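Listed below, chain by chain, are the residues.
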Amino acid sequence: MKTDQETNNPVGLSRRSFVQSGAAAFAGLVLGFHLPANPMRRSEAFAATGTPEGKASQEARLNTWLRIAPDGLITIYVAKSEMGQGIFTSMPMLIAEELEADWSRIRVEPAPSDAEFNYTGAPFEVTGGSTSVRTTWEILQRIGATARHMLIAAAAQQWGVPAESCRAEQGQIVHAATGRKAGYGELTAAAAALPVSAIPKEPKLKAPSEYKLVGKPVKRLDTPAKVSGKPLFGIDVVVPEMRYGAVRHSPVFGGECANFEELAKGMPAGTSLVKVTGGIVAVADSWFTAKTVVLGLEPRWTKGATAGLSSKDIEKKLRTAAGGKKNPVAATKGEATKALGTAKVKLEAEYSTPFLAHTPMEPLNATAHVRPEGIELWVGTQSHTLTRLLVSQATKVPQEKIVVHTTYLGGGFGRRAENDMVLQAVEASKAVGKPVKLIWSREEDVQHDFYRPASFVKMRAGLGEDGLPLALTASIASPSIMQRWTMFGGLPKSGIDMTTIEGLADMKYECPNLHVQTVAVDTGVPVGFWRSVGASHNAFYVESFIDELAHAAKQDPYKYRRALLEKSHPRFVKVLDTVARMANWETPPAEGRFRGIAIAESFGSIVAEVAEVSVSAEGQPAVHKVWVAVDCGRYVNPDTIAAQMESGVVYGLSAALRGQITLRNGRVEQSNFHDYSMLAPHEMPEIAVEIVESGEAPGGVGEPGTPPIAPAVTNALFAATGTRIRTLPISNHKLTGKKKA
Amino acid sequence: MAQTLKVNGKDVTIEAEPGTPLLWVLREKLGLPGTKFGCGQGLCGACTVHINGAAVRSCLMPVAAVSGEVTTIEGLSSDNSHPVQRAWIEADAPQCGYCQSGQIMACAAMLKAKAQPTDADISAAMTNLCRCGTYGRIRKAVKLAIELNSEEKA
C-alpha cells in the first residue's frame, strides 16, 4: 500500500486530488447529475415525527459520478458503504445495464463525503435499513442511460450520421449501416465536450425484458481483492507518523475516569494517555503495547448510569412498564378488550428478548489526523456523511475542512452507523498531535456496544368458533433507539418509537379487533440499530404467538397463517406457499426431525422460513435445514440475494440459539466469542433460498432474512418437545429430547 | 529485542517486545495486513498463518516463540493463483471478507497436510468463525479447492 498522503486510502480515491482538479482535469468523461431526491423508507416512517428530511430532500444537488477513462475503463463512485451485502456489485450492475458497458471493464470506488455525491439530498446518508439498491435504483439507471445517450451523440456527430442509427453494445457504439465501431474510451473526449443541451433530461430506459445483467446472477467485483490479503479495511490503514491507540471504557455505562491525571503522569516512556469520551486511550508505537499498557493501569471510575443494575432489574422494569394501562397506543382497530371478553378461547402469553451485541468481525477502529488546517479520517463507516457531520459538531471544525476516506467494512450490522470510535480517535489525535489509529479490543466491543434493545411484550388473543382470532392485543416495553438519534427526529412526542413496533403494530394477519400499545423505557444501557432492528424481536413475538393460536385452534401452523392472510395479502400467501412447497411441509419430516414455520415483512420484502430441527437426548437442539422464500420485488443480483438470505439466517440463528448480553452490577457480563458466540461452521444448517417473482417495487435484502429464523426454530422446537420458548435465547431453556404425548 | 524471522520466503529482522504476538509484528512491522485481528484470544481464526506449513493462530503466538518459516496470505500467491484462492473466487465465498484470509489459510494448511481430506477432516480443519455466515459457500469453496489442488499436482 502506498503511504503517500494523497493515495493512502486503501480503497482508492484521494479526495483532495479529486475535488481540486475537478471533473475537467480527468481525461475522459465524468458525469454528475441533478436528480430528484429519492425518499427512503425510513424517512416515510419518520415523516410522522416531523424530521427535517423531507425539506432537505428538495435541495438535492449533484448526485453521483461515473467516470469513463480514455482506455474504456469505467469507474463508478458509490456513496454507500460495502459491508458484505454486495452493493459494490449490484449498484454498478444497474448503471452498466443502461450504459451497455462491458462488465469486465467496471471498477468501483467509494465516493467521497462531499454533498455532490449524496443520492438522496438528505443532510446525510446512512447505509442501513436495507435501502442502498432500492432507493437508488432509478438514479443509477438514469446515470447509465444518460451516459449511453451522450456516447451515442458523440459517435453520431463524429461520423455525421443520425444518432438514431447508432446503438450501444458491450462498451462500444456501433453504426450498423456502415459497420463503424468506436469504444467508449475513444468517445469520451467528444462526449465530454457536448453542449449541456445534448444531455437528455429524461433518458430512455431499457425495458426489463432487454436486461442482460440485472436479474442475472453476477459474481461480486470485490471477491478477488478479498481473497488476496490486500489492505481494504479501516484497520489496515497506514498513515505516515501514525501512532496506535487502545481504549479502555468505564466498565459501568456512563462512568468517567476519576484519576486520569495521576495515571497520565505514570505512563511508561514512549506512551501517553488521553481522556476520551467514555474512557481512556493509551497511545503507543504499536497497538499491542498500547493495549498492554492500558490494561495494566488501575483507573478509578465515577459512578455510571447503570451502577448496580442487573439484568433482573431490567426485566422487572420492562415487565412493569408493559403492564401500564396508559401506554401510548400504536395501533387500534375495533374493540379488542370487549371482544376478548366474549371470546370462547383466550390465550395470554409474555415474551421477551435480550440485549444483543453486533460483533462485526473487524474490531471497531478509526484513524484520525487532526491538524490546524482540518481533520482527515479513515474509517469503515456506514455513513461517511454522518461521520463528518458529527466530528464537525464535536470539534467545531467546519465540515468543509473534514475529509472522510471510507474503506470497506469488515461487517457493519448497524454497529458502524455509530461514530463513538471515530470521535475517540479524533480526541486522541488532537491530544498527541499525530495521526492515531484507534482499535478497540474485542472485549471493549462486546462490553460497549449500542445493543439491540431488550424488550418485553404481553400478548393476548381471543379465538372465535372457527379458531381464528377475534381479538389480538400486544403491549411492548423497550428502550428507545430513536431517543438518542435526534438527527432522525428523536423519540416523538407521542412516545412511540417506530423501531420498537415495526412488524408488530403493522402485523398483516386478519383480525377484526386489534390493540397495540408501546412504552419507551430508559435502562441506561446504550441501544442502537441491529440487523433488522425492531423486526428482529417483533417477528419472534408475532410469529410465536400466531403459532400458539394455531395450536390452540388445533390447526396446521402453515394453513392457519395462510387463512389469516388470504383475503388481503396475496404476496404473503405466495411466499408462504413457496416455502411450504420447498420444505415439503405436507409430508412429515424424517423420524426425530421437526419443522417450524414463520413469515415476516421487513424493509419492503417478505420472507418466509421453515426450519427443520432435532433435539438430542441430552436436550441439545440442532438446526439441520432452513428453507427461505423471499419476495423482494424487482431485484438486481439473485446470487447476492441468496447470499444475504443465508447471512441473515445465520446472524439471526446465532442470536436465537445463544445470543444475550446480560448485566451484573452495572457491567456487561460477556466479553469475547467464548461467551458471546456466533454460529460455528459445524453448526451451519443447509440453507435453500428461492426468490418469489412479483415484479413489485424493489425491497431490501440485507436484513429481511434475519427476523423469521428465531420463531421458525422455536416453533420447530415446540413441535419437537412441546415446550413453548417465549424468552430468547434458546440456550436459557432446558429442552427434553422427547416430544410430550 | 531484535529477532530474525523467515516470512513469505524472505529473511527479515524485526524489533519487538518478546511478548508481542506474531500477528502484530506481521501487520505493523512487516506491512502484511492480510492477516487479521478478530478476537485476540485464538477463538475466531481471522489471524491464521502457516508456520512450517501448519495453521497457527498468530494472535496468541509470541513472536519470540516462532521457530520456522512463516507464510501469510500475501505469501500464498501474488496473483490469486493459489488453488485455494481460485476456489474462493469461483465459489464467490466472501461477503464482508474480513475473515477470509484466515479461512483460506486454514484450508491451504489442510490441503498441504492431506490432499484428499474427508468431510470429517474438513470439519476438523475449518473451524474459523464468520459473522456474515458464509460457511455454506466456504464449504463449496473447500471442495473445489481440493479438486483444483489435485489437478495442479497431477
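Residues numbered from 1 in each chain as written. Chains lettered and ligands numbered in written order. Predicted model: local features only at pLDDT ≥ 70, side-chain atom pairs only at ≥ 80, totals over all residues.

Take the overall build of chain B next. Helices and strands together make up the secondary structure of chain B, namely six helices and five strands. Secondary structure elements of chain B, listed N to C terminal, follow the sequence β-β-α-β-β-β-α-α-α-α-α. The globule rule puts the C-alpha radius of gyration for 154 residues at 15 Å, and the 15 Å found for chain B is close to it. Its C-alpha atoms give chain B principal-axis dimensions of roughly 45 × 35 × 25 Å. Relative to its full complement of 154 residues, chain B shows a buried share of 57%. Within chain B, contacts between residues at least 6 apart in sequence are counted, and of these 60% link residues at least 24 apart. (Helix = DSSP H or I, 4+ residues; strand = E, 2+ residues; numbered from the N terminus. Rg over C-alpha atoms; globule rule 2.2 N^0.38 Å. Buried ≥ 20, exposed ≤ 12 C-beta atoms within 10 Å, placed from the backbone. Contact = placed C-beta atoms within 7 Å.)

Let us now look at the environment of A:Thr302. Residue and element names in this part refer to chain A. Relative to the helices and strands, Thr 302 is located in the loop between α9 (287–296) and α10 (311–322). Overall, Thr 302 belongs to the exposed group, with 12 C-beta atoms counted inside 10 Å. With 47 residues separating them along the chain, Thr 302 and Gly 255 place their C-alpha atoms 4.9 Å apart.

Another aspect to go through is the sheet that holds strand β18 (residues 469–478) of chain A. All names here are of chain A. Taken together, five strands build an open sheet; the order of strands is β11-β19-β18-β17-β12 and the sheet is mixed. Each of the sheet's edge strands pairs with one partner strand only, and the pair in question is β11 (329–333) and β12 (345–353). With direction set aside, neighbouring strand axes in the sheet form an average angle of 10 degrees. Across eight bridges, strand β17 (residues 455–463) lies against β18 in antiparallel orientation. Across the sheet, Lys 458 pairs through a bridge with Ser 475, a residue of β18. (Pairing = 2+ DSSP bridges. Axes fitted to C-alpha atoms, helices over the stretch in contact; angles between N-to-C directions.)

Next up on the list: the pairing of strand β14 (residues 374–379) of chain A. Residues and elements named next belong to chain A. Most of β14 sits out of view: five of its six residues are buried. Pairing analysis gives five bridges linking strand β13 (residues 365–371) to β14, with the strands arranged antiparallel. Each residue of the ladder has a partner; that of Ala 368, found in β14, is Leu 377. The antiparallel hairpin formed by β13 and β14 contains two residues in its connecting segment. Bridge analysis of β14 against strand β15 (residues 402–406) gives five bridges, and the strand direction is parallel. Pairing of Ile 375 across the sheet is with Ile 402, part of β15. For the crossover from β14 across helix α12 (residues 384–395) to β15, the handedness is right-handed. (Right-handed = clockwise from strand over helix to strand, strands pointing away.)

All names here are of chain A. The buried count for strand β3 (residues 74–78) comes to five of five residues, which makes it a mostly enclosed element. Residues Ile 74, Ile 76 and Val 78 of β3 are buried on one face, and the alternating residues Thr 75 and Tyr 77, pointing to the opposite face, are buried as well. Bridge count for β3 against strand β4 (residues 106–110) is five bridges, and the pairing is parallel. What sits directly across from Thr 75, in β4, is Arg 107. For the handedness criterion, the β-α-β arrangement of β3, helix α4 (residues 87–99) and β4 is classed as right-handed.

A word on the nonpolar core. Counting residues in hydrophobic clusters, the biggest one holds 271 residues, and the most contacted among them are A:Leu151, A:Val281, A:Leu377, A:Val579, A:Val628, A:Val713 and B:Cys107. Considering each element in turn, this core owes the most residues, 12 residues, to helix α5 (residues 132–159) of chain A. Dropping the residues within four chain positions of it, A:Leu377 is found in contact with A:Ala366, A:Thr367, A:Ala368, A:Thr387, A:Val391, A:Val403, A:Val404, A:His405 and A:Val422. (Core = buried A, V, L, I, M, F, W, Y, C linked by C-beta atoms within 7 Å.)

With that settled, consider the packing of helix α4 (residues 100–113) of chain B against helix α6 (residues 135–153) of chain B. All names here are of chain B. Interaxial distance between α4 and α6 falls to 11 Å at its minimum, and their mutual angle equals 40 degrees. In this view, α4 runs oblique relative to α6, as classed from their interaxial angle. α6 is crossed by α4, and the crossing has right-handed handedness. Facing α4, whose interface residues are Gln 103, Cys 107 and Leu 111, α6 presents Ile 138, Val 142, Ala 145, Ile 146 and Asn 149. Grouping the amino acids of the contact of α4 with α6 by side-chain chemistry returns six nonpolar, two polar and no charged. (Parallel < 35°, antiparallel > 145°, perpendicular 65-115°, else oblique. Left-handed = near helix turned anticlockwise from the far one by under 90°. Nonpolar A, V, L, I, M, F, W, Y, C, P; charged D, E, K, R; others polar.)

So, on to the sheet that holds strand β2 (residues 10–15) of chain B. Residue and element names in this part refer to chain B. Here we have five strands laid out as an open sheet, ordered β2-β1-β5-β3-β4, and mixed in their pairing. Two strands close off the open sheet at either side, each with one partner strand: β2 and β4 (54–57). Taken over all neighbouring pairs, the strand axes of this sheet differ in orientation by 40 degrees on average, direction set aside. Strands in contact with α4 are β3 (48–51) and β4; relative to β3, the strand with the most contacts, it is inclined by about 35 degrees.

A separate point is the confidence of the model for chain A. Residue and element names in this part refer to chain A. For chain A, the average pLDDT comes to 90, and 90% of its residues sit at 70 or higher. This stretch, residues 1–26, has a pLDDT under 50; its non-local contacts, to residues over four places away or in other chains, come to 42 contacts. A low-confidence stretch, residues 33–64 (pLDDT under 50), is modelled with 74 contacts involving residues beyond four sequence positions or located in other chains. (pLDDT = per-residue confidence, 0-100.)

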